[in-house]
Amino acid sequence: MSKWMSKLTSDFGAVAEDLDKKLLPVVPTRSPSLNYATAIGGFQPGKVSVLYGPESAGKSLLAMMAVADEQKRDKDAIFIWFDAEYSFNKPLFTKVGGDPKRLIVRKSNDPLKIFDYIGGEMLEALQDGAPIRGIVIDSIKAIRYPKESNMKQTTDQKMGGTGASYLPSALKLVLPVIAEHNLLTFFIQQVTMEIDPMKALRNPYVITEGRALKHAADL
């Protein structure tokens, strides 16, 4: 049996029994209730957590606190914050205990400078031993997808939906990087209000970009 198990896992296969051993410990939040709600006690590195809600709901703040706590636990930890909204709040990050000297902020809403960077330059850095421990994309809705870039630059544009066709392939590029290197990952997403009163009874918010985020998210 050991002969065959060794042969079958000689390339990139793994025995299912060993899979959980590769996961890093869960990063707890500062809220006991939220830890309970996640069912695992917090956020799992190597998995994607999507924080969504209306403006000023505390999405970025929650991500900042998780990054700050992980920086305290791991003194070498570097995080990369993709600031697609151009709104990163350094004083707030410092106030919650974060170390801005170990946080790389990449201000861009160009998907090539976000997803392609993760699957290209950042992956190479990880393979070279860079102590990158996690990423935050703030926010998915603020990314300017190719269809929007090719539109005539006026206010006469179709709103939303352009990420639905782009995100599936982009997420396929970055998810293996996140999983293989156990990155603490947050995708932040703004939502819009549902104006149909009957639909709002079931769900008051609308999340754009189709179902790609839901399929990619573990939490």
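Residues numbered from 1 in each chain as written. Predicted model: local features only at pLDDT ≥ 70, side-chain atom pairs only at ≥ 80, totals over all residues. Heavy atoms only, no water.

Novice: In this structure, what is going on with the overall build of the protein? I would like to understand it.
Specialist: Helix and strand counts for the protein come out as 9 helices and 7 strands. Against the globule reference of 17 Å for 219 residues, the protein gives a C-alpha radius of gyration of 19 Å, in line with a compact fold. Across its three principal axes, the protein shows a C-alpha extent of roughly 65 × 40 × 35 Å. Split into buried and exposed, the 219 residues of the protein put 37% on the buried side. Expressed as a percentage of contacts within the protein between residues at least 6 apart in sequence, the contacts between residues at least 24 apart total 67%. (Helix = DSSP H or I, 4+ residues; strand = E, 2+ residues; numbered from the N terminus. Rg over C-alpha atoms; globule rule 2.2 N^0.38 Å. Buried < 20%, exposed > 50% of the residue type's maximum accessible area, 1.4 Å probe, protein only. Contact = heavy atoms within 4.5 Å.)

Novice: So what exactly am I meant to see when it comes to the pairing of strand β3 (residues 103-106) here?
Specialist: Put simply, side chains in a regular strand alternate between the two faces of the sheet. For strand β2 (residues 78-83) and β3, the ladder comprises 4 bridges, and the chain directions are parallel. Following the sheet pairing, F79 is matched in β3 by L103. Handedness of the β2-helix α4 (residues 90-95)-β3 crossover: right-handed. (Pairing = 2+ DSSP bridges. Right-handed = clockwise from strand over helix to strand, strands pointing away.)

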